[in-house]
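# Understanding the architecture of this molecule
Chain residues, written in single-letter form:
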Amino acid sequence: MPALDRTPETGAPETWRRIAETTARLGFDMPSEPRTGAFLKMLAAAKPGGRMLELGTGTGLATAWLLAGMDADARLTSVDVAPDLQAVARAELGDDPRVEFVIEDGLAFLQRQTPASYDLIFADAMPGKYEGLEDALARVRPGGIWIGDDMLLQGNWPDGHEARVAGLLQALQGREGWAVVEMAWASGLVVAVRRKL
Ligand SMILES: C[S@@+](CC[C@H](N)C(=O)[O-])C[C@H]1O[C@@H](n2cnc3c(N)ncnc32)[C@H](O)[C@@H]1O
């Protein structure tokens, strides 16, 4: 039987390795997992020339993976409220002309965006996932992808979070006009693709 569980870091960009070192040094406790990153890289590669949005830059771990999957014409905007965290991403990735970093509340940012204007949204903060889910989904183009992570139970969840996760999954399951899959991959992903109707 071939081993499926290969080391996810295999396809990681060098930028990710350096950001991962800094992230560990800083003790940032909400980093995206390498398997999530590898998955995002693959999805980004499926959208040549695509417009991508990350809500919750953190230190830029997933940002690095997304950029590694994107072609030269694709563009990524990454939003966070924490300048100190995003500074790590800016230092490592800020010279890449395909990425724009924004410091703003994710929900306020989303609500300023044109409907059906993104090919991929990685919702990795409360906004776009637990707040403003409809705002985020409305910004996905037909054929575009919305990804939410941290769907599997984690020890650091605050009281009431499990119910929010259940509510999110319920809001997505069987949603008309969307194809949705829940994945026990990394910290648990839910992926929704807007159908062209
Ligand atoms: C799970 S972490 C993001 C991890 C990151 N994507 C990575 O690859 O490691 C969540 C991030 O959301 C940010 N955040 C919290 N509230 C936010 C808000 N209202 N709008 C935008 N970002 C927010 C936090 O500062 C934190 O960096």
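Heads up: these notes are all about the structure in this document.

Reading the values: rules and limits
- For every chain, the first residue of its written sequence is number 1, and the numbers climb from 1 along that sequence.
- Thresholds applied to this predicted model are a pLDDT of at least 70 for local features of residues and 80 or more for the giving and counting of side-chain atom pairs; totals over whole chains, interfaces and linings are not thresholded and use all residues.
- Partly exposed residues are those falling between the two cut-offs: more than 12 but fewer than 20 other C-beta atoms within 10 Å of their own, whereas 20 or more means buried and 12 or fewer means exposed, with C-beta atoms placed from the backbone.
- For helices the rule is a DSSP run of H or I covering at least 4 residues; for strands it is a run of E covering at least 2, with both sets numbered from the N terminus onward.
- Fitted lines through C-alpha atoms serve as axes, helices being fitted only where they are in contact, and the angles separating the N-to-C directions of these axes extend from 0 to 180 degrees.
- Angular relationships are summarised with four words: roughly parallel below 35 degrees, roughly antiparallel beyond 145, roughly perpendicular across 65 to 115, and oblique for the angles in between.
- C-beta atoms are placed from the backbone for every residue, and two residues are taken to be in contact when these atoms lie within 7 Å.
- In this classification, Asp, Glu, Lys and Arg are treated as charged, Ala, Val, Leu, Ile, Met, Phe, Trp, Tyr, Cys and Pro as nonpolar, and every other residue, Gly included, as polar.
- Working rule for handedness: look at the near helix, and if it is turned counterclockwise from the far one by less than a right angle, call the crossing left-handed; if clockwise, right-handed.

## Observations regarding unusual backbone geometry
- In the Ramachandran plot, Ala 116 falls in the positive-phi region, its phi being about 50° despite a non-glycine side chain.
- Residue classification places Ala 116 among the exposed positions, given that 12 C-beta atoms sit within 10 Å.
- Positive phi outside glycine occurs at Ala 186, with the angle close to 55°.
- With respect to the secondary-structure elements, Ala 186 resides in the loop between strand E6 (178–183) and strand E7 (189–194).

## Observations regarding the packing of helix H1 (residues 14–26) against helix H3 (residues 61–69)
- Contact geometry for H1 and H3: axes closest at 9 Å, N-to-C directions at 180°. As summarised for this structure, H1 and H3 are arranged roughly antiparallel, according to the angle between their axes. Between H1, through Thr 15, Trp 16, Ile 19, Ala 20 and Thr 23, and H3, the contact on the second element is made entirely by Leu 61, Ala 64 and Trp 65.
- The class makeup of the residues in the contact of H1 with H3 is six nonpolar, two polar and no charged.

## Digging into the packing of H1 against helix H4 (residues 83–93)
- Contact pair H1 / H4: the axes reach a minimum separation of 10 Å and the direction vectors enclose 150°. One element, H1, and the other, H4, form an angle in the roughly antiparallel class. Two packed elements cross with a definite hand, and for H1 against H4 that hand is right-handed. For the pair H1 and H4, contact is made by Thr 15, Arg 18, Ile 19, Thr 22 and Thr 23 and by Val 88, Ala 89, Glu 92 and Leu 93, respectively.
- Split by residue class, the contact of H1 with H4 holds four nonpolar, three polar and two charged.

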